[in-house]
Amino acid sequence: MDLKKTIEKLEAALKEELEQVTTENELQNIKAKYVGKKAELTGLMKHMKDLPDDEKPAFGKTINEAKGRFTAMIEATKQTLHQRALDEKLRREKVDVTLDAPDYRLGTPHLLSQIVEELEDMFIGMGYEIKEGPEIETDQMNFENLNIPKDHPARDMQDSLYIGEETLLRTHTSPVQVRTMLEYGGTRPVKIICPGKVYRRDDDDATHSHQFMQIEGLVVDEVTTMSDLKGTLLEVAREMFGPDRQIRLRPSYFPFTEPSVEVDVTCANCDGAGCNICKHTGFIEILGAGMVNNNVLRSAGYDPERYQGFAFGIGVERIAMLKHDIEDIRNFYVNDLRFNSQFKR
Ligand code: PHE
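Starting from 1, residues in each chain are numbered consecutively following that chain's sequence as written. Totals for whole chains, interfaces and linings use all residues, but because this is a predicted model, local features are given only for residues with pLDDT of at least 70 and pairs of side-chain atoms are given and counted only at 80 or more. In computing side-chain values, all of the structure's heavy atoms are included and hydrogens and water are not.

### Here's the deal with the nonpolar core
For clarity, the cut-off: Only buried Ala, Val, Leu, Ile, Met, Phe, Trp, Tyr and Cys residues count toward a nonpolar core, and they belong to the same one when joined by side-chain atoms within 4.5 Å. We call a residue buried when its accessible area falls under 20% of the maximum for its residue type, exposed when it is over 50%, and partly exposed in between, using a 1.4 Å probe and counting protein chains only. Each helix corresponds to a stretch of at least 4 residues labelled H or I by DSSP, and each strand to a stretch of at least 2 residues labelled E; elements are numbered beginning at the N terminus.
Membership of the largest hydrophobic core comes to 43 residues, with the highest contact counts inside it found for Ile286, Leu287, Phe312 and Phe332. Broken down by secondary-structure element, the contributors of at least two residues to this core are helix H5 (111-125), strand S6 (211-221), helix H8 (226-241), strand S8 (257-266), strand S9 (283-292), strand S10 (308-315) and helix H10 (316-324). With 7 residues, the top contributor of residues to this core is H5. If you look at the next biggest cluster of nonpolar residues, it comprises 24 residues, including Leu168, Val176, Met181 and Ala311.

### Topic: the domain arrangement of the protein
Note the cut-off: Note that the domain bounds were set by an automatic or database domain assignment.
The domain architecture assigned to the protein consists of domain 1 (3-92) and domain 2 (111-340). Look at where the C-alpha atoms of domain 1 and domain 2 centre, and you get two points 90 Å apart.

### Concerning helix H7 (residues 174-184)
Extensive coverage of H7 is indicated by the burial of 8 of its 11 residues. Looking one or two places after H7, you find Gly185, whose phi comes out positive at around 65 degrees.

### Topic: the pattern of salt bridges
Two side chains of opposite charge can pair, provided their charged atoms sit close to one another. Put simply, the rule reads: Between Lys or Arg on one side and Asp or Glu on the other, a salt bridge is scored when a side-chain nitrogen of the former is within 4 Å of a carboxyl oxygen of the latter.
Evaluation of the coordinates by the stated rule reveals 20 salt bridges. One salt bridge in this structure joins Lys150 and Glu144, with 3.8 Å as the shortest N-O distance. In this structure, the salt-bridge partner of Arg245 is Asp271, at a minimum N-O distance of 2.5 Å. Highlighted residues: Arg245 in the loop between H8 and strand S7 (247-254) and Asp271 in the loop between S8 and S9, separated in sequence by 26 residues. Residue classification places Arg245 among the buried positions, given a relative accessible area of 6%. Looking at Asp271, the relative accessible area reads 54%, which means it is exposed. Each member of the salt-bridge network shares a partner with another, and the members are Asp139, Glu144, Lys150, Arg155 and Glu166.

Structure (structure tokens):
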């Protein structure tokens, strides 16, 4: 047997197979065929025993060297296959960063949320806490503790949606004020605003909605006066309608405040001169307020001899409509993006 010739033939065959191979599996088979335990090359070792002793080392060395070469060739092909697979993958997964991106629309907070947040920021700056409460309320919290007993005509001021004998959807956020006063137990001052949804039995039209938003405020302390209230309301009016606004207070009636006032702000459109928007009065009504009624203080455990307070109730939709000249309150609830997206913060 001519060992060199046999090896040369094997090497040529291996080379040819390696040129054809395309997958690592195939390569694995080739490896077994040429350098594995059952490979022809490995089998050549059998002939060693037939050789004279002095030829044995050279024979073994030749085979081992061939095995080393074959293995190196297979290894190199493996690298090539790897590289080819990687190139292919990169080609397939290429991203063209110069392509136009889809046009994402950037959202904006709802106008009502914007107004609530703006007022919250302002009141926090004045040392108020923000308090929230349940939308399903008891008659006790929503009415009784606010000096509106069962048969009081003032119940007609707020048409209510009852769920049970004693439970209803709150008609204002004033019950949160009651809850806070009760929580504070008549011994420490209160300075809070209560933003949230409220519900009334109403037929929806351009200016009425069975559900809307309020921010009510309450301050109770040992020396709290009407002029504190007035200064606070002026801040609200200016924050919402501009630094040059003036306010005026008109006497009014709420069961939970005494005296009660209705607050008007000078018309931002005509600066008080009179125009269509303010119906030629120069003023626009924006909210109700007053000094907390002694009965309300008493039923929450505050001694009216020691504590006084003021309260105000802001209708968020009304403010938004006045501020942005919006004619239909239903615009706030139908979630038409053409409406909503007009109010960028
Ligand atoms: N709670 C009143 C309402 O919803 C608003 C208000 C609050 C008025 C506080 C005066 C004082 O109509």
